[in-house]
Every structure is written in C-alpha cells, then in structure tokens.
Amino acid sequence: MFVNAKLLLKDGTLSVNGKDALKGVPENVVVTPFTGSSAFIGATCADASSRLVFKLGVIQDVRLLCLYRFKIWWMIPRVGNSGRDIPIETQMLLMEAREGNSQSSKEHNSYFIFLPVLDGEFRSSLQGNSSNELELCVESGDPEVVTSQFLNAVFMNYGGHPFDLVKESMKVLSEHTGTFSLRETKQMPGMLDCFGWCTWDAFYHSVNPQGIKDGLGSLSEGGTPAKFLIIDDGWQDTVNEFQKDGEPFIEGSQFGGRLISIKENSKFRAVGDVTESGAPVSLKDFVSEIKSSFGLKYVYVWHALLGYWGGLDPNASGTKKYDPKLRYPVQSPGNLANTRDLSIDAMEKYGIGVMDPAKISEFYDDLHSYLVSQNIDGVKVDVQNILETISSGLGGRVLLTRRFQQELEKSISTNFQDNSIICCMAHNTDSTYHSKQSAITRASDDYYPKNPTTQSLHIAAIAFNSIFFGEIVVPDWDMFYSLHDAAEFHAVARAVGGCGVYVSDKPGQHDFNVLKKLVLPDGSVLRARYPGRPSRDCLFIDPVMDKKSLLKIWNLNKCGGVVGIFNCQGTGSWPGLESNAEEDITFELSGKVSPSDIEYFEEVSTGPWTQDCAVFRFNTGSLTRLSKEESFDITLKVLQCEVFTVSPIMVYNQTIQFAPIGLTNMYNSGGAVEAVDSSDSSGSKIHITGRGGGDFGAYSNLKPKSCYVNSEDLEFQFREEDNFFGVTIRAKTSSWEITICY
C-alpha cells in the first residue's frame, strides 16, 4: 500500500481523492506515485519478451473516451462505459468520475487520464477485454529487444478540468522524459496563417506545371489567392517495377514505387528539348516563376519519410550512396486486430528500400539542401509510422523512430528557415513522443471527396484527436474541396479549428462564396488561437452514430470566443462499428449552445466585464445578449453547421457597454479583431484594431455619434432592436483602426 496526498492503492483498488480509477489491480502491477494526483503504472512478469500484455484492473460503469489507432496510420475516437469498450491500440484514455448524483454541473465532475507512453525501448498501448479489464500492451518491435519489467509504461493523472488535465499531464511528461516539446514552445511555420492549395485531390499523381499554374490562376482571379502551395505526390523521380506502362492498373501497385534520385522528375525538369516537352528548365525555374506570377510566399513539396512509398531503389545510381536494403514490413498484432490498409498491405507485398540507418542524416541533408537550392520552402513528410514495421534487427521501433525523428528535425532546422515541416501518417506515440521541433501534424485519415460516408467522420475525428495532439502540435485538418456537397461543413470546421486552411480544388472548380468566408483578399486567413476541440458536454458522446447528439467545437480569438456546431449524424459509421441497417439521413437534431461551451473565456474577459456576452449567429446575422451560463436551442439537418462568435460585453466610461464581433462576412468573425481599448481622457471613444476588408459588426448599448475607419469618417448602421453596430471596411484594406465616438 502507498499513501500520497491524494493517491491511494489499497486492497487492489487504485483511487484518487476517493474516486476509484481501477479495481481488482493484480499483484504484479506496479504503481509509482509521481505527483499528488499522478502516478506511473507498470507491471512485471517472470519471462522476458519483446511483446507482453498485462491486466491492470477493472473499469466499469463510467463514461470514457478512447483515442485509438483504427489502422496503422490513423487514430479515431471511441466512447463507452466499461473496459470492454476500450479498443486495441488505444493511445489516450479519458475517464469521467462523477460526484454523487450530479449529471450536469461540470464544476463537480472529475476526470482520470491514462496515457500509455514510451518506457525505455518499449512502446505502450491500452486495450480492454470482455471481462471489463484494462490491459497494457508493451512491445519493442524487435525480437532481440526483450525485458520482463515495465515500471513507467502508463502515466495516470487526475483532475477536475478535462482540458487542464490533458495539458498538465503533457507538460509533466515533456519535462520528465525530455523527448518531446509542447506546442506552445515551438516555432510556428508562417504558412499556417496563409490560404493554401494542395495538388493532391486536384491531380493525384498526374500533377504537372501547367495544371499548377491553372489552379493558382483561377484561385487568384476569384479573389482568394493562394499564398501557400503543396506540390504533393507526383513530382519525384521514381520507378515502379510492379506497374508497367500500357498495362492494366493493379490496385495497390502505386505503393511499390521507389525513389531513384532526390531530384524532380521530367515533368518538372526538362531532359531534352524544352519546347517539345513543355517542362520548365528546372524545379527552381518553375517555383521562381509561380512565386513571381502569383505572389506565393511558401512552396512545400511532399516526400515520404523513407523517400517514397517503397523507399529507395537499391539499384539506382542516385540512391546507392545511402546503401538501401529491401525490407518487408511486419505489423504488430495490435494493428492487425483493427482495420487493414491497402498501402501497408502493398508494402508488405512489394517491400521497401530502407536506407542504412547510419546514412539517415546524409539522405535528409542531401534532399533538403537540394530542395532549398530549388527555391522550395518546406516539406510535408508522409508515411512516418512505417518505422514500427521495419525495426526488427535495428534496435526496435522506439530507438529507430528516435533516430529518424532527430535527423529529420535536424535537417529541417539546418536547411529551412521557418520550421517548415508538416508531419503525416504519424499517429503512433513512437512519433508523437519524439516531436521536439515539428509543429504541425495531420490529425486524421485523408479527406476523401468522392466518399459521402466519411465527410462527417473527418470532422469529428480531428476534433477529438486534437484533445491529444493539440498539446504537442497544431493539428492539421487536411485539404478539402470548396465545390462540394459538404464544402461549408469542412470550411466552418477549419474556421474554428485553429489550423492551416488549404483546399485541393481542381483548376476552375471553386465555390468562392465559401472561400471568401475563409480567406481575405490578401490571401491570409483568420486563424483562431488554439486547436479546436469538442466542448466539455461532447467529450463522452458519439456525434457520428448515437442519432441524438450534435458536435460543438470551441476556440478562442484574441478578444472573444467562437463555437462551431455540426450535425455529423446519419452519413457514415466509425470503422469497426459499421451498421448494415438503412439509415434515414434527412432527420434534424436539436441541441443547446452556450457561451460556457468556450473554455478559458477568462483569457478574453479580463477587466470591467458585465458578465454578459454578445452572441452573433453567422448564418442569420442575428445578435443576442446572454449571460455566460445561459443557453439557446439550435436545430440542424444532417451535414448542416452553424458558427457563433461570442464576445464579452465590456464597460467603458461607466456607461458604454461594447463588444466587438469582427468581420461578420467571415466564418470566424472575431479572428479579425486584434485589440479593443478606450484610451482617450474622456472615455467616450472606443478604438478597435484589426485586419481585412468586409463588414465589421459589434454590440453597443448606445448609438454612436460617429465612426472613423483609418481616420476616414464613414456612415454606419445601428439596429435599436438588438444593439447591432455595423460599418463596411473597404475590400482591399489589409489592416484598420476603427474609432467609434459616443
């Protein structure tokens, strides 16, 4: 038995503050107190092995949220009530502990978090069994790397605020392990605040210079110029022995391609007569041209962690120096227990050309320094989880991932100027807990424009995954089509997601009505401050399949908050929970929205706050005054959404009550507002600074006498019925100061 300020293990029950976390804890489980509310959990056994599964204790009759890998690359949420609901490959478990009979008051709720971590050369994950027992799986990925004890395999913590609990737990782990850094300490790449375009869904592997110019041109002509470009898969110099020209396409063969040099292929570099091939002289020539012609600030290119899907060609003169050897991936039993994936199936069949680990640094430095010489600004690095499948004989998955991650981040830091990397297919804790520098990670499976059943899953998965990833990186929400049945659904999610915003429209196929609500005329976006996450009352519900719940995603701007509400029901099923029953996808759902859905509102409500908020509803343009704890009803059809800007009503000069809404023509209206003050001696003037042209709105209890925008006296509107103040800012205005006189 041990006793610490709050934490107790007695008679097989692990509890904190009298709340049971685990019952029936076996004797071989080792619990080591760390702080007053936290501990490391591990286990021991008689026989050493490279993969072991231990029972930790029973969980039942609670509300829980699991984030687990449903396939090797990607994580999704699962909610439940008992240990049997915890899927294999769970990488975060959040569990609610109730106070008495309280079912609604969040002040009385408390929470446990279980984070399986890296313990020496072993990586941990959680799973449940049919007896409602929580199990711990530890594995090295190398039969030669074995042990019989794991003392620090799971970090458990307890707290009364779920988002604080996650944040504090990640901070403790970061300081304790020293292997990863928190998001807030990392340099943010500049592309995050620019509107972008990715070539993938526009062209797939057929990407070419003229197509890129066409796409950039049509976006610019429509008034939403891309300032950030990702040239995705299709630009590299590769060979594929499994798919011959002129032969019928073999599904999966695309993942057998291998890199034969670090340079661009003949589509982007003229080999013979330039006028005949239509290719630019070089990648540098092309990138310089599109930067000059379209005002691009950042051009990234895609590459896989091992160069390409099938790695490096062992026989190519351009890759021999890295001494690649053909290796065949082997997935762990945990991955095989969930969903198979075509790409890894193909790689298991065709093999991967893996560079000598001693050559990792040389390969990345050669590749990235070459890209810099071609005027490229950064990279999207894909297929990162592949390392866990090829680590046998190389020291195991944790060691191999650490080596690759360190050399990759070193190369990024050495060669690029802006921490310019987007990580992708990296949803294993091997990668996450080695993220010292990388600041952006794709937070979901791909956006699939042709699959109507995945549109709502995409949004829900990222929102929940961001609870975990958002403490270490900025979760990347992937590209989307602006001309699509679910375009606004995706656009609003990105507006509240605090993420980069980029589309993958085919040239000329855009919906500028959607894009202009996301993108300012100068190509910048109104990015919220934090990763967008589900509201507290959504943490333990299933917004995709329970047929009753709406999903709410909250965020903060500099001077207010924002909430997006989504009806994700009725269009698809989570993998592993597929239903064959015919579903009615036309139904409406109702739910409640409140300013209190926004966490950390105190950050934007310091000073003389009335305790009331101005709530602006984007789709209707209506403005309502509410106390922070009040709520209102909303009804949405399937794949419908709404976004609310919530601004604290502050008191100026004792009589003026004012709250900025921002640019009411933008989904994230409040993202345009930089600051509000009343600095003159009379106190009869409100100054608001911000950026972007459009319609500025605010709540004002009094009708102003005049309004100046950048010192120009402008007419304004004032609605007595809801105290809405509005003024139009010229479209080409990049930044502004509004002075409202009373």
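Residues numbered from 1 in each chain as written. Predicted model: local features only at pLDDT ≥ 70, side-chain atom pairs only at ≥ 80, totals over all residues. Heavy atoms only, no water.

Undergrad: I tried to follow the domain arrangement of the protein on my own but got confused; where do I start?
TA: By a frequent convention, interface size equals the accessible area lost on bringing the separate parts together. Assigned domains of the protein: these are domain 1 (7–161), domain 2 (185–442) and domain 3 (533–741). Distance from the C-alpha centre of domain 2 to the C-alpha centre of domain 3: 39 Å. (Domains from an automatic or database assignment.)

Undergrad: Could you clarify how one ought to interpret the state of the cysteines in this entry?
TA: What makes a disulfide is a covalent bond joining the sulfur atoms belonging to two cysteines. Here the structure, examined in full by the defined rule, presents zero disulfides. The structure places no disulfide on Cys45, whose sulfur is separated from the nearest cysteine sulfur, that of Cys137, by 12 Å. Relative accessible area serves as the criterion here: at 27%, Cys45 is assigned to the partly exposed category. No disulfide involves Cys423; its nearest neighbouring cysteine sulfur is the one of Cys424, lying 8.8 Å away. The exposure class of Cys423 is buried, given its relative accessible area of 3%. (Disulfide = S-S within 2.5 Å. Buried < 20%, exposed > 50% of the residue type's maximum accessible area, 1.4 Å probe, protein only.)

Undergrad: Would you take a moment to explain the pattern of salt bridges for this structure?
TA: Oppositely charged side chains are able to pair whenever their charged atoms sit close together. This structure, assessed with the given rule, holds 40 salt bridges. Put simply, Asp430 and Arg397 hold a salt bridge, and the shortest N to O gap is 2.6 Å. Taken together, the residues Asp430 in helix H10 (residues 429–432) and Arg397 in helix H9 (residues 397–415) connect sequence positions 33 residues apart. A salt bridge links Lys552 to Asp537; its shortest N-O distance comes to 2.8 Å. (Salt bridge = Lys/Arg side-chain N within 4 Å of Asp/Glu carboxyl O. Helix = DSSP H or I, 4+ residues; strand = E, 2+ residues; numbered from the N terminus.)

Undergrad: Explain the side chain of Ser124 here, please?
TA: Mapped onto the elements of the fold, Ser124 is located in strand E13 (residues 122–128). Of note is the side chain of Ser124, whose polar atom sits 3.2 Å from the backbone oxygen of Ala153. In this view, Ser124 contacts Pro116, Val117, Leu136, Cys137, Val138, Ala153 and Thr429; residues no more than four positions away in its chain are not counted. (Polar contact = N/O pair within 3.5 Å; in protein donor to acceptor, adjacent residues only side chain to side chain. Contact = heavy atoms within 4.5 Å.)

Undergrad: Is there a simple way to explain the sheet that holds strand E40 (residues 706–709) in this structure?
TA: Consider a sheet: its strands pair through backbone hydrogen bonds, and that pairing is either parallel or antiparallel. In space, the five strands of this open sheet follow the order E37-E38-E44-E40-E41, with antiparallel pairing throughout. Looking along the sheet, the strands with just one partner apiece sit at the ends: strand E37 (673–677) and strand E41 (712–713). In this sheet, strand E44 (residues 735–741) lies alongside E40 in antiparallel orientation, the contact comprising four bridges. Within the sheet, the bridge partner assigned to Val709 lies in E44 and is Ile738. (Pairing = 2+ DSSP bridges.)

Undergrad: I'm lost on the side chain of Asn465 in this one. Help?
TA: In this fold, Asn465 is placed in helix H11 (residues 455–469). A relative accessible area of 0% means that Asn465 is categorised as buried. Of note is the side chain of Asn465, whose polar atom sits 2.8 Å from the backbone oxygen of Met75. Excluding residues that lie within four positions of it along the chain, Asn465 makes contacts with Leu67, Met75, Ile76, Pro77, His427 and Ala443.

Undergrad: Whenever I open this one, the pairing of strand E16 (residues 195–198) confuses me. Can you help?
TA: Residues in a regular strand point their side chains to alternate faces of the sheet. Residues Phe195 and Trp197 line one face of E16 and the alternating positions Gly196 and Cys198 line the opposite face, and both faces are buried. Note that E16 and strand E27 (residues 501–503) share three bridges and pair parallel. From the neighbouring strand, Gly196 faces E27, where its bridge partner is Tyr502. As defined by bridge partners, E16 adjoins strand E17 (residues 228–231) across three bridges and the pair is classed as parallel. The residue bridging Cys198 from the neighbouring strand is Ile230, located in E17.

Undergrad: Looking at this structure, how should I read the packing of aromatic side chains?
TA: We describe a pair of aromatic rings using the distance from one ring centre to the other and the angle between the two ring planes. Taken as a whole and assessed by the stated rule, the structure comprises 32 aromatic pairs. Consider the rings of Phe34 and Phe155, whose centres lie 6.4 Å apart with planes at 85°: the pair is edge-to-face. In this pair, Phe34 is assigned in strand E5 (residues 29–35) and Phe155 in strand E15 (residues 147–159), connecting sequence segments 121 residues apart. Ring pairs connect the aromatic residues Phe180, Tyr433, Phe468 and Phe469, which therefore count as one cluster. (Phe/Tyr/Trp six-rings, centres within 6.5 Å; stacked < 30°, edge-to-face > 60°.)

Undergrad: Explanation requested: helix H7 (residues 342–350) in the structure shown.
TA: In an α-helix, one turn spans 3.6 residues; hence positions three or four apart end up facing the same way. Taken together, the buried positions of H7 are occupied by Ser343, Ile344, Ala346, Met347 and Tyr350. Down the axis of H7, the buried set is contained in an arc of 155°. They therefore lie on one face. Buried residues along H7 sit against strand E19 (258–264), strand E21 (325–327) and strand E22 (352–354). Immediately beyond the C-terminal end of H7, within one or two residues, lies Gly351, with a positive phi of roughly 85°. (Arc of directions from axis to C-beta.)

Undergrad: Please clarify how the environment of Leu714 should be interpreted in this entry.
TA: Considering the arrangement of structural elements, one finds Leu714 in the loop between E41 and strand E42 (717–719). As a C-alpha pair, Leu714 and Thr728 span 14 residues in sequence and 8.3 Å in three-dimensional space. Ignoring sequence-local partners within four residues, the contact set of Leu714 consists of Cys707, Val709, Val727 and Thr728.

Undergrad: Just checking my understanding: could you explain the pairing of E44 for this structure?
TA: By the criterion of burial, E44 is predominantly enclosed, with five of the seven residues buried. Sheet analysis places strand E38 (residues 685–691) next to E44, joined by seven bridges and oriented antiparallel. Each residue of the ladder has a partner; that of Ile688, found in E44, is Ile738.

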